[in-house]
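Each chain is listed here by its residues.
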Amino acid sequence: MPNIVLIGVQWGDEGKGKIIDVITEDVDWIVRFQGGNNAGHTVEIGDEKYVLHLIPSGILRADKKAVMGHGMVIDPLSLIEEIKELEEKGVGVQGRLFVSDRAHMVLPYHRSMDARLEQTRSTHEKIGTTKRGIGPAYSDKVGRTGFRMVDLIAPDFPERLKQRVEENNKVLHFFDADRLNPDPLLEKYEQAAPLLAPFITDTTALLNKAVAQEESILFEGAQGTMLDIDYGTYPFVTSSSATVGGACIGAGVPPRHMDQVLGVVKAYTTRVGEGPFPTELFDDMGEMLRNVGNEYGATTGRPRRCGWFDGVVANYAAMINGIDYWAMTKLDVLDHVETIKICIAYECKGRRLDNIPANTQTLEQCTPIYEDVDGWKTSTKDATCFEALPQQAQTYIKRIETITGVPTKIVSVGPKRSSTFSIG
Ligand code: GDP
Ligand code: IMO
Ligand code: MG
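Because the structure is a prediction, the values reported are computed rather than measured.

Scoring rules and cut-offs
Residues numbered from 1 in each chain as written. Chains lettered and ligands numbered in written order. Predicted model: local features only at pLDDT ≥ 70, side-chain atom pairs only at ≥ 80, totals over all residues. Heavy atoms only, no water. Phe/Tyr/Trp six-rings, centres within 6.5 Å; stacked < 30°, edge-to-face > 60°. Helix = DSSP H or I, 4+ residues; strand = E, 2+ residues; numbered from the N terminus. Buried < 20%, exposed > 50% of the residue type's maximum accessible area, 1.4 Å probe, protein only. Near = heavy atom within 4 Å. Polar contact = N/O pair within 3.5 Å; in protein donor to acceptor, adjacent residues only side chain to side chain. Areas by Shrake-Rupley, 256 points an atom, 1.4 Å probe, with all protein chains shown as cover. Nonpolar A, V, L, I, M, F, W, Y, C, P; charged D, E, K, R; others polar. Domains from an automatic or database assignment. Pairing = 2+ DSSP bridges.

Caption draft 1: Seen up close, the packing of aromatic side chains. Evaluation of the coordinates by the stated rule reveals 6 aromatic pairs. Taking 5.4 Å as the distance between ring centres and 45° as the angle between the ring planes, the aromatic pair formed by W11 and F277 counts as tilted. Here the residue W11 occupies a position in the loop between β1 (4–8) and α1 (16–24), and F277 occupies one in the loop between β12 (269–271) and α10 (284–292), the gap between them amounting to 266 residues. Assigned by exposure class, W11 and F277 land together as buried.

Caption draft 2: Region of the structure containing the site of ligand 2. Near ligand 2 there are 20 residues, and of these K16, H41, T130, Q223 and T238 occur at the shortest range. Contact distances for ligand 2 include 2.9 Å between an oxygen atom and a side-chain N or O atom of N38. Take G40: an N or O atom from its main chain is 2.9 Å from an oxygen atom of ligand 2. With the chains in place, 98% of the 550 Å² that ligand 2 exposes on its own is no longer accessible. Looking at side-chain class alone, the shell around ligand 2 contains 7 nonpolar, 10 polar and 3 charged residues. Here the shell around ligand 2 spans two domains, and each of domain 1 (4–96 + 202–422) and domain 2 (104–199) adds at least three residues to it.

Caption draft 3: Structural detail: the sheet that holds strand β5 (residues 65–68). Across the sheet, 10 strands lie side by side as β9-β7-β5-β2-β10-β1-β11-β15-β19-β20; this open sheet has mixed pairing. Single-partner strands in this sheet number two, and they are β9 (200–201) and β20 (420–422). Where strand β19 (residues 408–412) and β20 come together, 3 bridges link them in antiparallel fashion. Residue pairing in the sheet places V411 in a bridge with F421 of β20.

Below is the structure:
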């Protein structure tokens, strides 16, 4: 099995969790390489629904090993909760979950700052973050004031944390936010350290050993290309590298061991949080996509903004990530649409644009140039191969392949494992 980097193509929530669960059957290791518990990856197995925030979705297959790479930012208390929830559902993680000693921690002052910064931003500056402390934790990382998982298990951590909480209280006070009481906090982290110690290790060494032994790895991207700190719709992005380069940086495996790049792309587009979204629909069609697609955030429960498929975004993601093939999800959500629209370019002030402009205001002024495709107006949910799809659904997939120059290898027509098939 080749090593695969799986990347979200749009603004997250493409159905990565589901596709990861399917692919994991054939790999040995699954590694998350960026982000934190801002992610919400849903996997439905039988009647059980799991939403993973920090732990790689591949953990749900009992014989697989899961790594939380050093490019992640990890809230240790949330991690303990997630381990507990999985164990309560019968998913054991002992001995097969490995947490990088170099991953940075998200601490309570990061969450406080995240929430407070959002409050202080004016309406058009709000990012709509998940308030999980992600931005402030990555700021501390690059500012060289962060704590890493290895620090959590060091004897002097409580003392160092106390000092840092007090320093951060000054900053919080400056922003008119509530101060944190260090003592109860220290107690929580003292209790957390022995619980997490067995998982904390040098995951880079582990993964490279796995590669040397010809074991296969699936790199589990979180968020999506348009939320990437460098390539997304800045500043309405997350604070990590959600594109393919992030996998090398955040897992510590050299690029020559990454054999394929898989782009998970929804058959339409959604976005949760603020920021430009050229194909967004504000009418009944947008409402229909949200209802039929159950488009509510897996982490925050917020309604997702919905719109037509954006070929400019998909092309851009294919270029940035070098995508080899698509896994197209949620085709079934379009089952009863009369005429489907695909955005093939933007128009801005009378000019045609085929690329994503860097300037956010310019992108906000872009209107989509659409191409109409006939809907199939019949259920696809029981399809088990490409040929079993209605002709119009086949045409829709083929049209997206032509526009992007990338073939589709996996199609998903429902949230369950069984509602997935490969092409070719
Ligand atoms: P992720 O963050 O990319 O893993 O995606 P989320 O889990 O946040 O959101 C995707 C949602 O769509 C979840 O509720 C999935 O159960 C669901 N889903 C995934 N694939 C399909 C599909 O092909 N059809 C339908 N109807 N739902 C799907
Ligand atoms: P998965 O992995 C969708 C969005 C937030 C906000 C912006 C910044 O499930 O696809 P942050 O809390 O990261 O500072 O918020 O990014 N966002 C996501 N949107 N899916 C996600 O993850 C997201 N993670 C962050 O809504 O707009
Ligand atoms: Mg999600």
